[in-house]
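Observations on the three-dimensional arrangement
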Amino acid sequence: MNFDSVKQFIKDSNLPAYRAAQVKDAVYKNAVSAWDEATTLPADLKEKLKKNFPLLTFTLNKIQHSKKDRAAKALLKLEDGLKIETVLMNMGGSWTVCVSTQIGCAVGCSFCFTGRMKFKRDLTWEEISDQVLFWLQYVKKENLAERISNVVFMGMGEPLLNYVSTVKAVKEISNPDRLAVGMRHISISTSGVADKFHNLAVDLPQVNLALSLHSADDEERNKIVPLNRKFNLETLQKALTEYIAMTGRQVFIEYTVVDGVNDRPEHIRRLGKWISGIKDNYLVHVNLIACNKARGEVTPEKTVKLFAKGLQGMNISVSIRKSLGNDISAACGQLAAK
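These remarks concern the structure in this document. Keep in mind it's a predicted model, so treat the numbers as computed, not measured.

Let us look at the sheet that holds strand β8 (residues 186-190). What the 10 strands build is an open sheet, ordered β1-β2-β3-β4-β7-β8-β9-β10-β11-β14; its pairing is mixed. The sheet is open, and its two edges are formed by β1 (58-65) and β14 (317-320), each paired on a single side. The average angle at which neighbouring strand axes cross in this sheet is 25°, direction not considered. In this sheet, strand β10 (residues 251-257) lies alongside strand β9 (residues 208-212) in parallel orientation, the contact comprising four bridges. By the bridge assignment, S212 is partnered in β10 with E254.

The next point concerns helix α9 (residues 265-276). In an α-helix, one full turn covers 3.6 residues, which means residues spaced three or four apart are oriented alike. Compared with an ideal rise of 1.5 Å per residue, which puts 12 residues at 16 Å, α9 spans 17 Å between its outermost C-alpha atoms and is within 8% of the ideal. Against the buried residues of α9 lie β9, α7 (218-224), α8 (233-247), β10, β11 (284-290) and α10 (301-312).

Attention shifts here to the side chain of K140. Mapped onto the elements, K140 comes out in helix α4 (residues 125-141). By relative accessible area, which is 19% here, K140 ends up buried. Reaching out from K140, the side chain makes a polar contact with the backbone oxygen of K29 at a distance of 2.9 Å. Those residues in contact with K140, other than ones at most four positions away along the chain, are K29, N30, A31, A145 and E146.

Turning to the nonpolar core, a few remarks are in order. Counting residues in hydrophobic clusters, the biggest one holds 105 residues, and the most contacted among them are I148, F153, L271, W274, V286 and L288. With nine residues, α4 is the single largest residue contributor to this core. For V286, the contacting residues outside a window of four places in its chain are I253, Y255, L271, I275, L311, I316, S317, V318 and S319. Residues A71, V87, C98 and V152 belong to the second largest nonpolar core, which totals five residues.

As a packed pair, helix α1 (residues 3-12) and helix α2 (residues 18-29) sit with axes 9 Å apart at the nearest point and diverge in direction by 150°. Accordingly, the angle class assigned to the pair α1 and α2 is roughly antiparallel. For the pair α1 and α2, the crossing hand works out as right-handed. Listed contacts from α2 to F3, V6, K7 and I10 of α1 are R19, A20, V23, K24 and Y28. Here the residues of the contact of α1 with α2 are counted per class, giving six nonpolar, no polar and three charged.

Counting across every chain of the model gives six aromatic pairs. Seen from their ring centres, F58 and F134 are 6.3 Å apart, and the 75° between their planes marks the pair as edge-to-face. Taken as a pair, F58 in strand β1 and F134 in helix α4 lie far apart in primary sequence, 76 residues in all. Considering the side-chain rings of F134 and W135, the 4.9 Å spacing of their centres and the 70° angle between planes classify their relative orientation as edge-to-face. You can call F134 buried: its relative accessible area is 8%. Counting every residue linked through ring pairs, the aromatic cluster contains F58, F134, W135 and Y138.

Among the secondary structure elements, K73 is positioned in strand β2 (residues 71-78). Residue K73 is classed as buried on the basis of its relative accessible area of 4%. Within the structure, K73 has its side chain in polar contact with the side chain of E85 (distance 3.2 Å).

Under the criterion given, the structure shown has 14 salt bridges. Between K238 and E234 there is a salt bridge; the shortest N-O distance is 3.4 Å. A residue pair is termed a helical-turn pair when its members lie 3 or 4 positions apart in one helix, as K238 and E234 do in helix α8 at four residues. What makes E234 partly exposed here is its relative accessible area of 46%.

This part takes up empty space enclosed by the protein. If you walk through the whole model with that rule in mind, you get one cavity of 30 Å³ or more. In this structure, the largest cavity occupies an estimated 30 Å³ of space. Lining the largest cavity, in full, are M1, Y28, S129, D130, L133, E172 and L179. A total of three residues in the lining of the largest cavity trace back to one element, the largest contributor, which is α4. For the lining of the largest cavity, the per-class residue count stands at four nonpolar, one polar and two charged.

Cut-offs applied
Note on numbering: residues in each chain are counted from 1, in written sequence order. For this predicted model, a pLDDT threshold of at least 70 governs which residues receive local features, and a threshold of 80 or more governs which side-chain atom pairs are given and counted, while totals over whole chains, interfaces and linings are taken from all residues. Working from all heavy atoms in the structure, the side-chain values ignore hydrogens and water. One requirement defines pairing of two strands: DSSP has to find at least two bridges between them. Each helix is a run of H or I in the DSSP string that is no shorter than four residues. Each strand is a run of E no shorter than two, and both are numbered from the N terminus. Fitting a line to C-alpha atoms yields each axis, with helices limited to the stretch in contact; the angle taken between N-to-C directions then spans 0 to 180 degrees. To estimate the expected span of a helix, count its residues, drop one, and scale the result by 1.5 Å. Contacts are residue-level and defined by heavy atoms, with any inter-residue pair within 4.5 Å sufficient. Exposure categories follow from relative accessible area, calculated using a 1.4 Å probe and restricted to protein chains: below 20% of the type maximum is buried, above 50% is exposed, and the middle band is partly exposed. Two N or O atoms count as a polar contact when they lie within 3.5 Å, although within protein this holds only if one can serve as hydrogen donor and the other as acceptor, and sequence-adjacent residues are included solely when both atoms are side-chain atoms. In this text, buried Ala, Val, Leu, Ile, Met, Phe, Trp, Tyr and Cys residues form a nonpolar core when linked through side-chain atoms within 4.5 Å. An angle below 35 degrees is treated as roughly parallel, one above 145 as roughly antiparallel, one from 65 to 115 as roughly perpendicular, and anything else as oblique. Crossing handedness is defined as follows: a turn of the near helix away from the far one that is anticlockwise and smaller than a right angle gives a left-handed crossing, while the clockwise case is right-handed. Side-chain classes follow a simple rule in which Ala, Val, Leu, Ile, Met, Phe, Trp, Tyr, Cys and Pro form the nonpolar group, Asp, Glu, Lys and Arg form the charged group, and the remainder, Gly included, forms the polar group. Think of it this way: a Phe, Tyr or Trp ring, Trp meaning its six-membered ring, pairs with another when their centres are within 6.5 Å, and the plane angle makes it stacked under 30 degrees, edge-to-face over 60, tilted otherwise. Every case where a carboxyl oxygen of Asp or Glu lies within 4 Å of a side-chain nitrogen of Lys or Arg is listed as a salt bridge. Throughout, the protein atoms alone are placed on a 1 Å grid, and a set of points is a cavity if a 1.4 Å probe fits but cannot get out or a pocket if it is open with protein on both sides within 12 Å along at least five of seven lines; lining residues have an atom within 4 Å of a point. Grid points are joined across faces, edges and corners, and a volume is the space filled by probe spheres set on the points.

Quick look at the structure:
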């Protein structure tokens, strides 16, 4: 929802200024899912808001709940009829929302189902931030929590190829008068749009940057992440070095371990060598993810643990990221708006 537009509407209608504050509380504090639920507002104003300002820029098509862990996936229908998916996860007791930034994706990473949809269009900043508002309404209604704690830009699409809307959505999500998710609790994952790293360091220096690498060999990465042909590993090293120097922030390397593809000892050595080429590489942390091949099928846990052990032997900071919602195709790389 565009709250600034609502405030302007209230002002133009010569209504008392406190009405805007009541709207803000209704939407972001009480998380009403319909204007009729905003009991502090007069009936005539609620009718005008219903007509001119929908609470969300989409409608719910379907929600699926994981039977294995605390994760849920929503299929949302946008105003033009196209659909996106967004995920809610409970990680360590707090609720995290995974948002999409595009319908489909032009990058076409080999293991990602979203890329198979091809690219249809960018999402607006409202369509992005409204995914967080949607899940806030959900957790409040289900008495699960009072707030959303974390947001990850790891859903459908490449956030840095929809840069302007992504930045505006982050500012909306982190605004203490709106959704109030702290900047340091927001992560943007990119497949490597290196020419946007400088901009990101300027515009959103407190947001977490995660680079989906998946291979430290250019020839191999060209196949896994076709964007590597434009922004190769040397380019990414330089961009990360500059980003760290500008922000002083830790950066995350996302590495999906694909059984029999990028999981061998030589892959560990190449990754370690590549990280050593980044200045201030003590601020680089590797997140290993077991590849989600299909519902319930993943790279063996033993394979991922051996990879982690190899990196630890090279004094590289590493952790194994738990992937939630695999049984409902809600895990990393599985969103396809079906």
